[in-house]
Amino acid sequence: MALAAEKILSDDTLLDAYSSSVADAVDRIGPAVCRIERIGAGGHGSGFVIAQDGLVVTNFHVVGDARAVRVTMPDGAAREGHVLGRDPDTDIALVRADGSFADVAPLGDSKRLRRGQIAIAIVNPLGFEWTVTAGVVSALGRSMRASTGRLIDDVIQTDAALNPGNSGGPLVSSAGEVIGVNTAMIHGAQGIAFAVASNTANFVISEIIRFGRVRRAFIGVSADTTNLPRRAALLSQVTTNTAVRLRSVERNGPAAKAGLKEGDIIAAIDGRPVTGVDDLVRMLDAERIGRDTLCTVVRRSGVSQVVVTPVARNS
């Protein structure tokens with residue numbers, strides 16, 4: 001009986017700890033989560049404030065082609081905002097809302113995520129209250145197709161339930177940091193939801209702030225993050241234990257013309273380690289367009305150096 005009582009007490013303690021972690025994360029991030037409505041065009045979703053001067057992150061498909069939106073905070077206060085920029089390829093958009101905001105949601109480092117980690121989806125579908133669901137990070141480095149038809153790489157899969165109006169809200173860790181931007185749900189599947197990783201969102205946000213759009217070099221691949229065997233790491237002279245594996249190579253694209261193939265592992269670009277898909281996305285910036293780029297490629301036959309010349313990605 002004593003052992004049973006101790007087990008019940010231990011389970012209750014663990015449950016209380018889990019509940020407290022979720023509740024604390026919601027208390028920290030929730031006040032920065034807002035409802036986004038297109039002015040004069042219909043449609044709505046969620047978003048979250050990342051800077052006190054009114055920068056708000058949401059999904060591209062939430063704002064669409066709208067220039068102006070209405071941003072409604074959990075306390076019911078509504079502000080007008082204008083869309084600073086949008087990136088259909090990652091389903092991310094950035095809005096500038098009028099006024100100042102006391103509560104912000106900091107972007108965390110999605111590269112530090114682990115499968116099984118607590119994932120909390122916080123949204124504001126009604127404009128006056130939060131809706132919270134919690135689950136775990138089910139998988140990392142997924143790819144899903146954007147509205148443009150291109151694949152969004154470095155996507156987080158979670159079982160935290162998403163519902164209509166949830167798009168654009170933050171996926172949050174138990175530490176109270178945004179680890180992803182909720183973007184879609186597979187219809188007909190049970191509890192499978194996705195979020196664009198925070199590191200990818202951070203790259204897109206930086207590009208929009210600097211240039212008003214995301215400039216990219218294009219090599220014609222889709223990829224995911226994979227473990228790099230120690231022997232391969234030594235042969236490729238990188239000090240990391242993860243790299244990028246090519247899931248597909250577009251026919252007649254720059255990568256295919258250079259000889260890259262499905263299943264190849266890119267361990268480094270111009271001598272810099274590529275530890276994950278977010279590194280690959282970040283390295284393929286506008287400065288590499290038309291410039292020979294040396295890829296360190298790991299294959300079963302060994303390690304080789306492949307020169308790829310990226311082209312400009314069409315908008």
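The rules we used
Residues numbered from 1 in each chain as written. Predicted model: local features only at pLDDT ≥ 70, side-chain atom pairs only at ≥ 80, totals over all residues. Heavy atoms only, no water. Helix = DSSP H or I, 4+ residues; strand = E, 2+ residues; numbered from the N terminus. Buried < 20%, exposed > 50% of the residue type's maximum accessible area, 1.4 Å probe, protein only. Contact = heavy atoms within 4.5 Å. Pairing = 2+ DSSP bridges. Axes fitted to C-alpha atoms, helices over the stretch in contact; angles between N-to-C directions. Salt bridge = Lys/Arg side-chain N within 4 Å of Asp/Glu carboxyl O. 1 Å grid on protein atoms, 1.4 Å probe; cavity = no way out; pocket = protein on both sides within 12 Å on 5 of 7 lines; lining within 4 Å. Points joined across faces, edges and corners; volume = space filled by probe spheres on them. Nonpolar A, V, L, I, M, F, W, Y, C, P; charged D, E, K, R; others polar.

A. Broad picture of the overall build of the chain. Across its full length, the chain holds 6 helices and 20 strands. Relative to its full complement of 315 residues, the chain shows a buried share of 49%. Across the chain, the fraction of contacts at a sequence separation of at least 24, relative to all contacts at a separation of at least 6, is 59%.

B. Region of interest: the sheet that holds strand S6 (residues 92–97). Taken in spatial order, the 6 strands close into a barrel running S1-S2-S3-S6-S5-S4, and their pairing is antiparallel. Between one strand and the next, the sheet's axes are offset by a mean angle of 40°, whatever the strand orientation. With 2 bridges joining them, strand S2 (residues 44–49) and strand S3 (residues 55–58) adopt antiparallel strand pairing. Within S3, the position partnered with valine 49 by the bridge is valine 56. Set on the sheet, helix H3 (residues 198–211) makes contact with S3, strand S5 (78–87) and S6; between it and S6 the angle comes to about 55°.

C. Representation of the pattern of salt bridges in the model. Tallied over the full model, the rule gives 12 salt bridges. Among the salt bridges present, the one from aspartate 89 reaches arginine 216, with a minimum N-O distance of 3.9 Å. Taken as a pair, aspartate 89 in the loop between S5 and S6 and arginine 216 in the loop between H3 and strand S13 (217–218) lie far apart in primary sequence, 127 residues in all. Notably, a salt bridge pairs arginine 245 with aspartate 224, separated by 3.4 Å at the nearest N-O pair. Taken together, the positions of arginine 245 in strand S15 (residues 242–249) and aspartate 224 in strand S14 (residues 221–227) put the pair 21 residues apart, joining distant regions of the chain. Overall, aspartate 224 belongs to the buried group, its relative accessible area being 12%. Shared partners join several salt bridges into a network, and the residues in it are Asp87, Asp89 and Arg216.

D. Quick look at the layout of surface pockets. Taken as a whole, the largest pocket encloses approximately 540 Å³ of empty space. Along its surface, the largest pocket is lined by 21 residues, and Leu113, Arg115, Leu140, Thr225 and Thr242 are the ones closest to its centre. Broken down by element, the residue count for the lining of the largest pocket peaks at 4 residues, all from S14. Broken down by class, the residue content of the lining of the largest pocket amounts to 5 nonpolar, 8 polar and 8 charged.

E. Up close: the environment of glutamate 207. Take glutamate 207: it is sitting in helix H3. Between the alpha carbons of glutamate 207 and glycine 85 there is a distance of 9.2 Å; along the sequence they are 122 residues apart. Residues in contact with glutamate 207, not counting those within four places in the same chain, are Gly212, Arg213, Val214 and Arg215.

What is shown is where atoms sit, not what they do.
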